[in-house]
Amino acid sequence: MMQMTGAQLMVRLLERQGVRTVAGIPGGAILPFYDALSGSEHIHHVLARHEQGAGFIAQGMARVSGVPQVCIASSGPGATNLVTAIADACLDSIPMVVITGQVPQAMIGTDAFQEVNIYGITVPITKHNFLVRSAQELLEVIPEAFRIAMSGRPGPVLIDVPKDVQNQLVTVAEFPAPAVADPAPQLDLAAVELAAKMINEAEQPVLYLGGGVVASGAAPLAVQLAEQAGLPTTMTLMALGAMPMDHPLSIGMLGMHGARYTNFVLEEADVLVCVGARFDDRAIGRAAQFCPNAKIVHIDIDRSELHKIKNAHVAIHANVKCALEALLPRVQAMLRKRWLSHVDSLKTRFPMQFPGQDDPRTHYGLIQAVAAALDDRAIVATDVGQHQMWVAQAYPFRRARQWLTSGGLGTMGFGLPTAIGAALAEPDRTVVCFTGDGSFKMNIQELATLAEEGLNVKIVLMNNNALGLVYQQQTLFYGQRLFASKYRTEPDFVKIAEGFGVAAVDLDCADNPRAALAEALHRPGPCLIHATIDREQFVYPMVPPGAANTEMIGG
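Scope of this entry: the structure provided in the associated data block. Just so it is clear, the structure is predicted and the values come from calculations on it, not from any experiment.

1. Here's the deal with the overall build of the chain
Within the chain one finds 23 helices and 20 strands. For a compact globule of 555 residues, the expected C-alpha radius of gyration is about 24 Å, and the chain comes in at 24 Å, within 12% of that figure. Expressed along its principal axes, the backbone C-alpha trace of the chain runs to roughly 70 × 65 × 45 Å. Restricting the contact set of the chain to residue pairs at least 6 apart, pairs at least 24 apart contribute 75%. A total of about 21,200 Å² of accessible surface is found on the chain, and carbon and sulfur atoms cover 52% of it.

Okay, here's the thing in structure tokens:
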């Protein structure tokens, strides 16, 4: 028998779950928990400078580790500042446990100081959430939150703990076992047999990989399937790296900013094997015209995704890894020389173009110079905008969990704190954060967190002094009426970084930018690498909003 406060119990349960790093910001309603956390010998607390930063730091740790990670905030504005990071995790299926303080139970509903119904606010953007009513409940709630976050389709879970519950004394006779994920759903072997038959009989099949392949740890199996059955393979933004980009069967990223040949290959497919993807609009364009001649095999852990956007001829509700393990022995080994030769001809006729790739002062040249200076151990995070799409197009990703980006929500400000989280989870790797000036300013205060932690994060700032994708769309689709997309002043990002205690290099002033870039990337510790990018350089090719993928412009 042990007596402790609810706050002390929370810390003990997190420790038993294997949590070793948490990110957050204290405040009045969560202070009992912070007081208990100060006595932990196992958990390292990272003091973020904004709660949204704490949420993305937790995401960065979760995205590279694949297990639920924790962020913490106080009630009211502390909790609401986490909402964007929670929504981002929900849309990208990232496992995360969010702990918020709440006003004492007797004050709930009275509009008390810093009271907000975070439970109600987050219902649509979490897998589940809890409002804890007693310290005794914590023994069930905390393990249950981790179980839910990691089971099936991963996602965020919120635990809202009133201050009086944190202070309440509880007697613990026995601690619960650490949570584990639920067993995978039972596999429909008849559907697997039918899927294998469709693949074996196909003449022009394509393998379409989504983020679920990465989340389930199934990337090696997906590559094995492609090689065994001779399947040209495309990846969504979230799946980049599941198959090496330079693999002979890779046809790269599909969709809005994919290569022309990729979308043309999909247009001719007679069977589409969709694994762990959800037919997102940015990937498939106008749904009715996507793969118009293809029979569809759709494998997904989330039953609600099956038949949601595109009707599947064979729908398999399954853990992707389990499904591929069952599918592989049933799929015949084939070379498909005629189909792959045609794919190669399309690649030759409609290649992805990288103008200026030999000049590190250009957008593509800078990305490829970074890639050339690093090996495949490096982790690459991005913010959201033109730089994100250029990196997705040009960086040679070769392994799963190498690429961290905000796909579903498209959150500016994602990059820097997520890179911090990645470096906390993988301190022996170099983490590169590609960002634009618009995105960087969204969470620039986390430079202080980066400096304090001394992490090996390199920020490559591609600065065109504009909201680049907004500028691009206004130029192309709004009669060149450029409104609120260009900044009238430009901060000195080098001085700002140095003011926060982060080393900085300005490639604009470097006599040899390639050498200066390589030196900055290999120097231990954090560094900002600033480069001016021509505002008139757009992301091409591009599928106009609402168009079919074959109606690309540019590139």
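2. Thoughts on the pairing of strand E3 (residues 44-47)
The pairing of strand E2 (residues 21-24) with E3 spans four bridges and is classified as parallel. Bridging from a neighbouring strand, Ala23 pairs with Val46 of E3. You can see the chain leave E2, run along helix H2 (residues 31-37) and come back into E3, and the turn it takes is right-handed.

3. Side note on a nonpolar patch on the surface
There is a patch of nonpolar side chains on the surface, built from Leu476, Phe477 and Tyr478 and spanning about 260 Å² of accessible area. You can see Leu476 is positioned in helix H21 (residues 468-477). Taking the relative accessible area as the measure of exposure, Leu476 reaches 31% and is therefore partly exposed.

4. Re helix H12 (residues 260-268)
Extensive coverage of H12 is indicated by the burial of seven of its nine residues. By the burial criterion, the buried members of H12 are Arg260, Tyr261, Thr262, Asn263, Phe264, Val265 and Leu266. Looking at the packing, one finds that the buried side of H12 touches strand E9 (205-209), strand E10 (233-235), strand E11 (250-253), strand E12 (271-275) and helix H15 (337-349).

5. Notes on the pairing of strand E17 (residues 431-436)
Here E17 lies mainly inside the structure; six of its six residues are buried. The alternating pattern of E17 places Val431, Cys433 and Thr435 on one face and Val432, Phe434 and Gly436 on the opposite face, and all of these are buried. Here strand E15 (residues 379-382) runs beside E17; their pairing, made up of four bridges, is parallel. Its bridge partner lying in E17, Ala381 is registered against Cys433. The sheet contact formed by E17 and strand E18 (residues 457-463) spans six bridges and is parallel. Along E18, the bridge assignment pairs Val432 with Lys458.

6. Notes on the sheet that holds strand E4 (residues 69-73)
Pairing is parallel across the open sheet formed by six strands, whose spatial order is E3-E2-E4-E5-E7-E6. At either margin of the open sheet sits one strand with a lone partner, and together these are E3 and strand E6 (128-131). Strand-to-strand twist of the sheet, defined as the mean angle between neighbouring strand axes without regard to direction, takes the value 20°. Here helix H3 (residues 51-65) sits on the sheet in contact with E2, E3, E4 and strand E5 (96-102), set at roughly 175° to E4. Contacts from helix H7 (residues 138-150) reach E4, E5, E6 and strand E7 (156-162) within the one sheet, and its direction differs from that of E7 by about 165°.

7. A word on the pattern of salt bridges
Think of it this way: side chains of opposite charge can pair up when their charged atoms draw near. By the definition in use, this model includes 16 salt bridges. One salt bridge connects Arg63 with Asp88, and the closest N-O pair in it is separated by 3.2 Å. In this pair, Arg63 is assigned in helix H3 and Asp88 in helix H5 (residues 83-92), connecting sequence segments 25 residues apart. Asp88 shares its class with Arg63; the two are buried. Between Arg286 and Glu551 there is a salt bridge; the shortest N-O distance is 3.7 Å. Remark: Glu551 occurs in the segment after strand E20 (527-532) and Arg286 occurs in the loop between helix H13 (281-284) and strand E13 (295-300); sequence separation between them is 265 residues. The class of Glu551 is partly exposed, set by a relative accessible area of 36%. Ionic contacts of the salt-bridge type, sharing partners, join the residues Arg153, Asp302, Glu305 and Lys308 into one network.

8. Some remarks on the packing of helix H16 (residues 363-373) against helix H23 (residues 513-522)
The geometry of H16 relative to H23 is characterised by a closest axis approach of 10 Å and an angle of 50° between their N-to-C directions. The orientation of H16 relative to H23 falls into the category oblique. With respect to the hand of their crossing, H16 and H23 are arranged in right-handed fashion. Judged by residue contacts, Leu366, Ala369, Val370 and Ala373 of H16 engage Arg514, Leu517, Ala518, Leu521 and His522 from H23. The class makeup of the residues in the contact of H16 with H23 is seven nonpolar, one polar and one charged.

9. Focus: the sheet that holds E13
Strands sit in the order E11-E10-E9-E12-E13-E14 across an open sheet of six strands; the sheet is parallel. With partners counted over all chains shown, the strands left at the sheet margins are E11 and strand E14 (314-317), one partner each. Within the sheet, the average angular offset between the axes of one strand and its neighbour, ignoring direction, is 15°. The sheet contact formed by E12 and E13 spans five bridges and is parallel. Residue Leu272 lies in a different strand from E13, and its bridge partner there is Ile296. Sheet strands touched by helix H9 (residues 189-201): E12, E13 and E14. Its angle to E14, the strand with the most contacts, is close to 135°.

10. Considerations on the packing of aromatic side chains
In total, this model carries 13 aromatic pairs according to the counting rule given. The rings of Tyr395, Phe397, Trp403 and Phe434 are connected pair by pair, giving a single aromatic cluster. Above the face of the Tyr487 ring, Lys441 is positioned so that its terminal group lies 3.5 Å from the ring centre.

11. Quick look at the nonpolar core
Membership of the largest hydrophobic core comes to 105 residues, with the highest contact counts inside it found for Tyr208, Leu272, Val370, Tyr395 and Phe434. The residues contacting Val370, other than those within four sequence positions of it, are Tyr395, Val432, Phe434, Val460, Leu517 and Leu521. Core analysis: the next-biggest nonpolar cluster, separate from the first, contains 48 residues, Ala73, Leu82, Leu158 and Phe440 among them.

12. Description of the environment of Asp188
With respect to the helices and strands, the residue Asp188 is situated in the loop between strand E8 (169-172) and H9. Between the alpha carbons of Asp188 and Ala326 there is a distance of 9.9 Å; along the sequence they are 138 residues apart. Among the polar contacts listed, one links the side chain of Asp188 to the backbone nitrogen of Ala190, at a separation of 3.1 Å.

Rules used in this analysis
Residues numbered from 1 in each chain as written. Predicted model: local features only at pLDDT ≥ 70, side-chain atom pairs only at ≥ 80, totals over all residues. Heavy atoms only, no water. Helix = DSSP H or I, 4+ residues; strand = E, 2+ residues; numbered from the N terminus. Rg over C-alpha atoms; globule rule 2.2 N^0.38 Å. Contact = heavy atoms within 4.5 Å. Areas by Shrake-Rupley, 256 points an atom, 1.4 Å probe, with all protein chains shown as cover. Pairing = 2+ DSSP bridges. Right-handed = clockwise from strand over helix to strand, strands pointing away. Patch = residues over 30% accessible without salt bridge, like charges linked within 9 Å, V, L, I, M, F, W, Y side chains within 5 Å. Salt bridge = Lys/Arg side-chain N within 4 Å of Asp/Glu carboxyl O. Buried < 20%, exposed > 50% of the residue type's maximum accessible area, 1.4 Å probe, protein only. Axes fitted to C-alpha atoms, helices over the stretch in contact; angles between N-to-C directions. Parallel < 35°, antiparallel > 145°, perpendicular 65-115°, else oblique. Left-handed = near helix turned anticlockwise from the far one by under 90°. Nonpolar A, V, L, I, M, F, W, Y, C, P; charged D, E, K, R; others polar. Phe/Tyr/Trp six-rings, centres within 6.5 Å; stacked < 30°, edge-to-face > 60°. Lys NZ or Arg CZ within 6 Å of the ring centre and 35° of its normal. Core = buried A, V, L, I, M, F, W, Y, C linked by side-chain atoms within 4.5 Å. Polar contact = N/O pair within 3.5 Å; in protein donor to acceptor, adjacent residues only side chain to side chain.

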